[in-house]
Amino acid sequence: MIVKKEDIIKLPGLVDVHVHLREPGATYKEDFESGTRAAVAGGYTQILDMPNNVNPTTTPARLQEKIRVSKGKIWCDLGFNFGATVDSTRYFPKVYKKTFGLKIYMSQTTGPLLVNKLQEQDLIFKSWLSNLPTMVHAEDELVEVAIRLAKKYKRKIHICHMTANQLKAIKKARKEGLKITCEVCPHHLFLNRSDLKRLGPLGMMKPPLLSKSDQQKLWMNLSEIDMISTDHAPHTLEEKYDQSSPKFGVPGLETTLPLMLEAVARGKISIGRLVEMTSTNPRKIFHLPAQPNTFMTVNLEERYKISKKGLFTKCGWTPFVGLEGRGEIKKVVLRGQIIFENGRFSGKPQGKVIYPD
Ligand code: DOR
Ligand code: ZN
Ligand code: ZN
């Protein structure tokens, strides 16, 4: 008789505050349906969408359009972050109750949102009156400019996709009493610059991969980092290999949990800390509404190499191919209903558009 070994654990639904779902504007590479399927298949039950669409989410009308279009199509709960520009500041008082974070792009990246003048950055920090954080894309030492502005206006600040060279500035600001939080991305935890030889353009994202020692520094300082966010940023393979206009970003919703559960098995992080970083902390920091009776069960005995087979993201590839993954999601339950079981979705999309508590 063959006995299948099973070691089933129950985990809360995961949360990702940093996801690019691409709808509207680039639904050939992801949309609300495919992106939230990828989320659920990766164990996420609550995610926040970023504003850098082709027409960015910088007006109440564009926000309303996202809310309208996503209804009835989303497999997990979905909230929105608002885009910061000088012009969009006038809408802050109108939209802050409907959105979670304000996203300011202080460094150049995919999409049309870039605010690189100090005067404009200053106005934006001054104008966001919400008690939810301003989420900053500020690479390298630019993070210090963001920290100075947050201090000046006593605002909460969340450092997106932090890198090892920013740890010192973040720790210092925290010590000085600033309400500062930060996230690390799986690609910065599991890949480094030496993987670029193998990955080519598939290893390109913003901020870029750094050295192996920078990567190790992130693991050594996990206790200083509030959460893990995927920065799920799908692009088609054609776009990634198009040398004339390289697109930055990698998908991550479906690979983060298996990579992290393997890290737990190797003793690099405890399961309790993993739950804090992928569920408890983001829920608290972004005032996300509670999700009663929402959880997943995972068979920890399952081990495999990450591959692109069976991915639900429309882009259909992952930069983590060949890495060790662990854990098979048996089922995902959202508000008491099984929405995903043994690799299949069941029923209709049950996700809700969410607003800050
Ligand atoms: O690599 C990235 N891709 N970094 C970003 O900041 C944006 C993202 C995207 O939207 O593709
Ligand atoms: Zn970013
Ligand atoms: Zn991003």
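See the structure shown above.
Residues numbered from 1 in each chain as written. Chains lettered and ligands numbered in written order. Predicted model: local features only at pLDDT ≥ 70, side-chain atom pairs only at ≥ 80, totals over all residues. Heavy atoms only, no water.

Undergrad: Quick question: what am I supposed to make of the side chain of R155 here?
TA: Looking at where R155 falls in the secondary structure, it is placed in the loop between α5 (142–152) and β8 (157–159). Separated by 3.0 Å, the side chain of R155 and the backbone oxygen of F125 make a polar contact. A distance of 3.2 Å separates a polar atom in the side chain of R155 from the backbone oxygen of Y153. The residues touching R155, leaving out its near neighbours within four places in the chain, are F125, K126, W128, L129, A150, L178 and K179. (Helix = DSSP H or I, 4+ residues; strand = E, 2+ residues; numbered from the N terminus. Polar contact = N/O pair within 3.5 Å; in protein donor to acceptor, adjacent residues only side chain to side chain. Contact = heavy atoms within 4.5 Å.)

Undergrad: What should I look at first to understand the sheet that holds β8 in this one?
TA: Picture the strands of a sheet paired through backbone hydrogen bonds; they go either parallel or antiparallel. Overall, parallel pairing links the six strands, which are arranged β5-β6-β7-β8-β9-β10 in an open sheet. Looking at strand neighbours, the two that pair on one side only are β5 (82–83) and β10 (227–228), the edges of this open sheet. Summarising the sheet, β8 and strand β9 (residues 180–184) pair through three bridges and their orientation is parallel. Note that in β9 the partner of I157 across the bridge is I180. Along the sheet, helix α4 (residues 118–127) makes contact with β6 (102–105), β7 (134–137) and β8, crossing β6 at roughly 170°. (Pairing = 2+ DSSP bridges. Axes fitted to C-alpha atoms, helices over the stretch in contact; angles between N-to-C directions.)

Undergrad: Please clarify how the sheet that holds strand β1 (residues 8–12) should be interpreted in this entry.
TA: Taken in spatial order, the five strands line up as β1-β11-β12-β13-β14 in an open sheet, and their pairing is antiparallel. The sheet is open, and its two borders are formed by β1 and β14 (344–345), each paired with just one other strand. Inspection of the sheet shows β1 paired to strand β11 (residues 295–305) by five bridges, in the antiparallel sense. Directly across from K10, in β11, lies its bridge partner T297.

Bear in mind that shape data such as this cannot, by itself, settle questions of function.
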